[in-house]
Amino acid sequence: MFARNVNRFLSRRGARACSSSGGLSPAVLGVGGLAVVGGGYMMMSGGATTAKPNNYAENWKSSMERCIVRRILADKTGEEIDELKTRKTPHDWTLDKLTIVGRKHGHRKAGVYCGDAETYDVFEDILDPLVKEFHSYDIDNNKQQPEDYSPVTLDTIPEGAEIKSTRIRCARSVAPYPMTVNMTKEERVEFESMMKEIFSEFKGNLKGKYYGHTSTSKERLDQLVQEHKLFCDDDEALLDGGCYTDWPHGRGIFMNDAETFIVWVGEEDHLRIMSMKKGTDVQGVFDEFYSGVAAVDKGLQARGKSFMFSEKLGYVNCCPSNLGTGMRASVHVYLPKYNTKAKVAAAIADSPLAGRVQARGTHGESKNTDGSCVYDISNYTRIGSMPELIKDMIAGVVMLSE
Ligand code: ADP
Ligand code: MG
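Here the structure is a predicted model, which means the values were calculated and not measured.

**Regarding the pattern of salt bridges**
Step number 1: Across all of its chains, the model carries 25 salt bridges by this definition.
Step number 2: The shortest N-O distance in the salt bridge between Glu162 and Lys164 comes to 3.8 Å.
Step number 3: A relative accessible area of 44% places Glu162 in the partly exposed class.
Step number 4: Put simply, Glu267 and Arg272 hold a salt bridge, and the shortest N to O gap is 3.8 Å. One exposure class covers both Glu267 and Arg272, and it is buried.

Below is the structure:
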């Protein structure tokens, strides 16, 4: 129901109540004495040149080179930044809230968190170029398809790579809630209760148990974190972004009896749905993962809810890095040739897989696990088809293991 509304919202190009200043720019109005310089307009007055300075993109923690939104905003005039600051989404998301992770954290490439599905429309002129660059994907000339959950045959990882474990996850947000970074405590608890009901209906290999952060012992939660199964509240970027507001309420993990199929409730997105197993069985992990996503989808639809989806962006999530399929397929792999993650990243950057494959440490995106020579190698972009994105991950593993 809401997914359709989001579609309409996202396709209403140029119909924003508070559109960008393009329509009112002095150049368009034909005011004399204007020169276009770089991205901004400068006023020529009696030989002197004045323009409202744009200080917005100064003094960020993330570098101009890495952080896409910083670069996009640096290209604006002071007047354009003023106009951007007047915009508000239906759930009160603003420019300052949108950019907080880019301003305060160095490692974020997108540098933004969206507070609701409508953020992608209200800040479309900022986020469209960001999405195109992040995913190397032409969103204007492609339509995204919702998953139909029919069987998929995947490539396998060739012998030779020393794979410890395989994990495939997707991010999913649920309409009509605002994103997790922007939920009230009541909304978090209500959402968790609905998910608990859905989990209790799972059958066969998906059947299992929900462990809420408020109702599970600290020892058990710590153990699940150590086993790479559970998230905790220790990522500074997620903290500043709002992912841990009202922690631990409304947070928890569902696991099937085999502890291979897992759903996180209330981390960076409403849901992270995943399967993970020791070894290298990408097809087996994918099949379980995909059947689990279908089961969650069915449970939501039975309650009049749905995954946020738009034909333009695919599945809509809090960070634009997780649009499209929202899928990250990763392996933990032993790469003895590389003793730091930076060296793995440099090898990827120097290869044809630059921008398509990512290296992380083995304890989550922001933690350093240098020294072990075990890395998390995954697809980098998420827009496209799941089998194609899994091919990127496999190509990365093959190249780095040679
Ligand atoms: P994501 O953002 O995809 O959820 P993170 O980098 O935040 O991934 O990591 C979340 C958790 O998942 C971490 O504990 C990490 O070790 C674990 N993880 C990711 N990939 C694998 C894998 N292939 N095998 C085992 N654990 C994994
Ligand atoms: Mg993460």
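Structure shown, so let's carry the discussion forward.
**Regarding the sheet that holds strand E14 (residues 357–360)**
Step number 1: The strand order E6-E7-E8-E9-E4-E13-E15-E14 describes an open sheet built from 8 strands, whose pairing is antiparallel. Strands at the two margins of the open sheet, each flanked by one partner only, are strand E6 (208–212) and E14. With strand direction ignored, the average angle separating the axes of adjacent strands in the sheet is 20 degrees.
Step number 2: The pairing of strand E7 (residues 252–256) with strand E8 (residues 261–265) spans 4 bridges and is antiparallel. Looking at E8, one finds that Phe254 is bridged to Val263.
Step number 3: Against the sheet, helix H13 (residues 341–349) touches E14 and strand E15 (374–379), its axis set at about 175 degrees to E14.
Step number 4: On the sheet, helix H14 (residues 386–401) packs against strand E4 (162–172), strand E13 (327–334), E14 and E15 and is oriented at approximately 20 degrees with respect to E13.

**Notes on helix H12 (residues 282–302)**
Step number 1: For H12, with 21 residues, the first-to-last C-alpha span of 30 Å sits near the 30 Å given by 1.5 Å per residue.
Step number 2: Phi turns positive, to about 70 degrees, at Gly304, one or two residues after H12.

**Description of the pairing of E15**
Step number 1: Within E15, 6 of the 6 residues are buried, leaving the element largely enclosed by the surrounding structure.
Step number 2: Sheet topology note: the E13/E15 ladder contains 5 bridges and is antiparallel. Bridging from a neighbouring strand, Val331 pairs with Ile377 of E15.
Step number 3: Pairing between E14 and E15: 4 bridges, direction antiparallel. For Arg360, the partnering residue across the bridge sits in E15 and is Asp376.

**Points about the site of ligand 1**
Step number 1: Lining the immediate surroundings of ligand 1 are 18 residues, of which Ser165, Arg169, His228, Arg360 and Thr362 lie closest.
Step number 2: Here a nitrogen atom of ligand 1 sits 2.6 Å away from a polar atom, N or O, in the side chain of Ser165.
Step number 3: A distance of 2.6 Å is found between an oxygen atom of ligand 1 and a side-chain nitrogen or oxygen belonging to His228.
Step number 4: Protein chains bury 92% of the 560 Å² of accessible surface belonging to ligand 1 in isolation.
Step number 5: Contributions of two or more residues to the shell around ligand 1 are made by E4, strand E9 (271–278) and E13.
Step number 6: Within the shell around ligand 1, the residues separate by chemical class into 3 nonpolar, 8 polar and 7 charged.

Calculation notes
- Residues numbered from 1 in each chain as written.
- Chains lettered and ligands numbered in written order.
- Predicted model: local features only at pLDDT ≥ 70, side-chain atom pairs only at ≥ 80, totals over all residues.
- Heavy atoms only, no water.
- Salt bridge = Lys/Arg side-chain N within 4 Å of Asp/Glu carboxyl O.
- Buried < 20%, exposed > 50% of the residue type's maximum accessible area, 1.4 Å probe, protein only.
- Pairing = 2+ DSSP bridges.
- Helix = DSSP H or I, 4+ residues; strand = E, 2+ residues; numbered from the N terminus.
- Axes fitted to C-alpha atoms, helices over the stretch in contact; angles between N-to-C directions.
- Contact = heavy atoms within 4.5 Å.
- Expected span 1.5 Å × (residues − 1).
- Near = heavy atom within 4 Å.
- Polar contact = N/O pair within 3.5 Å; in protein donor to acceptor, adjacent residues only side chain to side chain.
- Areas by Shrake-Rupley, 256 points an atom, 1.4 Å probe, with all protein chains shown as cover.
- Nonpolar A, V, L, I, M, F, W, Y, C, P; charged D, E, K, R; others polar.

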